[in-house]
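A structural walkthrough
If you want the building blocks of each chain, they are given just below.
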Amino acid sequence: MSAVRTVLGDVAPEEPGVCDAHDHLFFGSPRLPGQELRDVAAARAELAAFRAEGGNSVVQWTPYGLGRRAADLPALSRESGVLVVAATGLHQAVHYDDRTLADLRGRLAEVFVAELTDGIGISGVRAGIIKVAGGFHALDAHARRTMSAAAEAHHATGAPIAVHLELGTGALDVLDLLCGELGVPPHRVILGHLNRSPDSVVHLQAAASGCYLAFDGPSRANHATDWRMPEAVRALAEAGFGDRLLLGGDTTTAAARSVNGGPGMPYLLRRVRPRLVAELGAELVGRVMSENPGRALAVEWH
């Protein structure tokens, strides 16, 4: 039986409902000093605001070593009524110190599998996705090593692999590596940030592989996001790839939270969804937000 692995346990594919398919309740990186998402009360308020707009589930793409606070996620999920999916995996090397990376060398796949099956640390909370990252128009040695470990962990568990594409680039290189060289089925791969590189040719080529395409991180002033998203989504839907699309918010700093005056998680439902409905129709947007995430995240765990 296929199931989505949440921090409260495995659920049926239809249970996630209206889903923010890429976001962060907790996140901290040396690249964003002083802007860490660490406050539990703020995370609770953000989930409540998302729930008030009709949200049912959130996928936290925060991987190993970046302040996931896995032990806090079950209580937040229960209190808010919002299902939460946690991540294992590893981000780009620039987000870690040399000691952390050296400690993980040679045992990445082992760590990923353990966090998917036994739990993250001593929390007992199991991850439901593997998050990895590419570089700008390229895959360096760290990305290749990390993606190889993710593929090994996928083959051992069935887990989906979610990929941060730097500024939306490198999608086809990622697919060549994960699905070509490493044998991961395309429908188990989620490519993130495609809205940041609005290249319709690449979008269509990636979708044709069978992978999922996440348009996430709206309201970013320096990225081609909100105003290009309907056009990109329409082009993919008209080409027959409406069942491959996902939407997310990708809140990565404290200032971006709605409770701190930013757009935050509710923005996806409060502003992005109505705009897409007006331009693309409620039926398609409903499928993208309420059906596609369940299929993308649900696997036969082993």
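Okay, so let's go over this structure. (Residues numbered from 1 in each chain as written. Predicted model: local features only at pLDDT ≥ 70, side-chain atom pairs only at ≥ 80, totals over all residues. Heavy atoms only, no water.)

1. Quick look at helix α8 (residues 229-238)
What sets the pattern is the α-helix's 3.6 residues per turn: residues three or four places apart point alike. Among the residues making up α8, those that are buried are Met229, Pro230, Ala232, Val233 and Leu236. Considered in projection along α8, the buried side chains sweep an arc of 165° and stay on one side of the axis. Positive backbone phi, approximately 95°, marks glycine 240, located one or two places after α8. (Buried < 20%, exposed > 50% of the residue type's maximum accessible area, 1.4 Å probe, protein only. Helix = DSSP H or I, 4+ residues; strand = E, 2+ residues; numbered from the N terminus. Arc of directions from axis to C-beta.)

2. Re unusual backbone geometry
Note: most residues except glycine have negative phi, and most peptide bonds are trans. Here the phi dihedral of histidine 193 falls at roughly 70°; this positive angle occurs in a residue that is not glycine. By secondary structure assignment, the location of histidine 193 is in the loop between β9 (189-192) and α7 (200-209). For histidine 193, a relative accessible area of 2% gives the class buried. Not every positive phi belongs to a glycine, and aspartate 250 is a case in point at roughly 55°. Examined against the element boundaries, aspartate 250 turns out to sit in the loop between β11 (245-248) and α9 (266-280). With a relative accessible area of 4%, aspartate 250 lands in the buried category.

3. Things to note about the sheet that holds strand β5 (residues 83-85)
Spatially, 3 strands are ordered β3-β4-β5 in an open sheet, and the strand pairing comes out parallel. Every interior strand has two partners, whereas the edge strands, β3 (19-23) and β5, have only one. Strand-to-strand twist across the sheet, computed as the mean angle between neighbouring axes with direction ignored, equals 15°. The sheet contact formed by strand β4 (residues 57-60) and β5 spans 3 bridges and is parallel. Looking at β5, one finds that serine 57 is bridged to leucine 83. (Pairing = 2+ DSSP bridges. Axes fitted to C-alpha atoms, helices over the stretch in contact; angles between N-to-C directions.)

4. So, the sheet that holds strand β6 (residues 87-89)
Strand order in this open sheet of 6 strands is β6-β7-β8-β9-β10-β11, and the pairing throughout is parallel. Two strands bound the open sheet, and with one partner strand each, they are β6 and β11. Adjacent strand axes in the sheet meet at a mean angle of 30° when their direction is disregarded. Relative to strand β8 (residues 161-164), strand β7 (residues 129-133) is paired through 4 bridges, and the arrangement is parallel. The residue of β8 that forms the bridge with lysine 131 is alanine 162. In the packing of helix α5 (residues 141-157) onto the sheet, the strands contacted are β7 and β8, and the crossing angle to β7 comes to about 165°. (Contact = heavy atoms within 4.5 Å.)

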